[in-house]
Amino acid sequence: MNHPPAAAPPGPHPAAADHDIVLFDMFGVIARHQSEDGKDRLAALAGGSAPAFWDAYWTLRPPYDRGDVTGPAYWRQVADTLGTDFTPAQVARLVEADLDSWSAVDASMVDLVEELAAAGRPVALLSNIPEELAASYEERYAWLKRFRVCAFSCRIGHAKPEPGAYRWCLDALGVTPERVLFVDDRDENIRAAEALGVRGHLFTGPARLREALGLSG
């Protein structure tokens, strides 16, 4: 498999124990879910039945998110499942369209991350994300540097709600579970974190999160 090796957890940040750490999910919290226009473009590029396409897209996604396969290999698997072939040019367009469909962010949440970091509140990130999309975000968004740990599933070899994803973050941050507040918009991910002793906040919007964090405005 030609994918980046799982990153070794960095040592604990010296200030991490001073405050509770806010561990953010990316998509559905800081970044938007896949856009409807982007989804339409992907299905059109793939051709065939949209329901069958989306079934293949999501069924085959976890190994791609974990970094077990590359983008081109993932799209070849999608084609095989659909009983068709994608040319190299089609695969390239599908990879590009997929990245575009996940590219929008919530400016108010980016502001919140910046606010927390500027105030000295440790923030970290745990996201199910394939390598091509992770690299695109790193190139495009400077605010990712605010996170003390960026745990991208494609680089740590674990995807939520697998327990290993949360354990990797705890090791990387060098803290005990109760010192971490995990923010995610999916209940199954929150439950998995809480099973390990991590505190959870089910994200429904910036206002309720700010309240939970004791922030005004």
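Just so it is clear, the model here is predicted, and its values are computed rather than measured.

Draft legend 1. Region of interest: the overall build of the protein chain. Summing up its helical and strand segments, the protein chain has 11 helices and 5 strands in all. Radius of gyration (C-alpha) of the protein chain: 18 Å, near the 17 Å computed for a compact globule of 217 residues. C-alpha atoms of the protein chain, sized along the principal axes, occupy 55 × 35 × 30 Å. Burial analysis of the protein chain (217 residues in total) assigns 45% to the buried set. Within the protein chain, contacts between residues at least 6 apart in sequence are counted, and of these 69% link residues at least 24 apart.

Draft legend 2. The layout of surface pockets, seen in detail. Of the voids in this model, the largest pocket is the one considered here, and its volume is about 560 Å³. Looking at the largest pocket, it is lined by 25 residues, and the ones nearest its centre are W58, D65, W102, N128 and R186. Listed by contribution, the elements that provide at least two residues to the lining of the largest pocket are α2 (50-59), α3 (61-65) and α10 (187-194). No other element matches α3, which puts 3 residues into the lining of the largest pocket.

Draft legend 3. Spotlight on the pairing of strand β1 (residues 21-24). Neither face of β1 is exposed, since I21 and L23 on one face and V22 and F24 on the opposite face are all buried. Where β1 lies against strand β4 (residues 180-184), 4 bridges are found, and the strand directions are parallel. The residue of β4 that forms the bridge with I21 is V180.

Draft legend 4. Quick look at the packing of helix α1 (residues 36-46) against α2. Between α1 and α2, the shortest axis-to-axis distance is 10 Å and the interhelical angle comes to 105°. One element, α1, and the other, α2, form an angle in the roughly perpendicular class. Of the residues in α2, those in contact with K39, L42, A43 and A46 of α1 are F53, W54 and Y57.

Draft legend 5. Spatial organisation of α2. Here α2 has its buried residues at F53, W54, A56 and Y57. Within α2, the buried residues cover an arc of 160° as seen down the axis, which keeps them to one side. Exposed side chains of α2 directed beyond 90 degrees from the buried face belong to P51, D55 and T59. Against α1, α3, α4 (71-82) and α5 (88-101) lie the buried residues of α2.

Draft legend 6. Broad picture of the packing of aromatic side chains. Taken as a whole and assessed by the stated rule, the structure comprises 17 aromatic pairs. Judged by centre distance (6.1 Å) and plane angle (75°), the rings of Y57 and Y74 are edge-to-face. With a gap of 17 residues between them, Y57 in helix α2 and Y74 in helix α4 connect regions that are remote in the sequence. Y74 sits in the buried class, given a relative accessible area of 0%. Taken together, a centroid distance of 5.0 Å and an interplanar angle of 70° make the contact between Y74 and W75 edge-to-face.

Draft legend 7. Layout of the pattern of salt bridges. Tallied over the entire structure, the rule returns 16 salt bridges. Residue D187 is joined to R191 by a salt bridge in which the shortest nitrogen-to-oxygen separation is 2.1 Å. Highlighted residues: D187 and R191, both in helix α10, separated by 4 residues, approximately one helical turn. Because the salt bridges share partners, they merge into one network encompassing D20, R179 and R199.

Draft legend 8. Inspection of helix α6 (residues 107-118) at higher detail. Spanning 12 residues, α6 covers 16 Å between terminal C-alpha atoms, matching the ideal 16 Å at 1.5 Å per step. Listing the buried residues of α6 in full gives M109, V110, L112, V113 and L116. The arc that holds the buried residues of α6, viewed along the axis, is 155°, so those residues lie on one side. Opposite the buried face of α6, at more than 90 degrees from it, the exposed residues are D111 and A118. Where α6 ends, the next residue or the one after it, G120, has phi of about 85°, a positive value.

So, how was this worked out
Residues numbered from 1 in each chain as written. Predicted model: local features only at pLDDT ≥ 70, side-chain atom pairs only at ≥ 80, totals over all residues. Heavy atoms only, no water. Helix = DSSP H or I, 4+ residues; strand = E, 2+ residues; numbered from the N terminus. Rg over C-alpha atoms; globule rule 2.2 N^0.38 Å. Buried < 20%, exposed > 50% of the residue type's maximum accessible area, 1.4 Å probe, protein only. Contact = heavy atoms within 4.5 Å. 1 Å grid on protein atoms, 1.4 Å probe; cavity = no way out; pocket = protein on both sides within 12 Å on 5 of 7 lines; lining within 4 Å. Points joined across faces, edges and corners; volume = space filled by probe spheres on them. Pairing = 2+ DSSP bridges. Axes fitted to C-alpha atoms, helices over the stretch in contact; angles between N-to-C directions. Parallel < 35°, antiparallel > 145°, perpendicular 65-115°, else oblique. Arc of directions from axis to C-beta. Phe/Tyr/Trp six-rings, centres within 6.5 Å; stacked < 30°, edge-to-face > 60°. Salt bridge = Lys/Arg side-chain N within 4 Å of Asp/Glu carboxyl O. Expected span 1.5 Å × (residues − 1).

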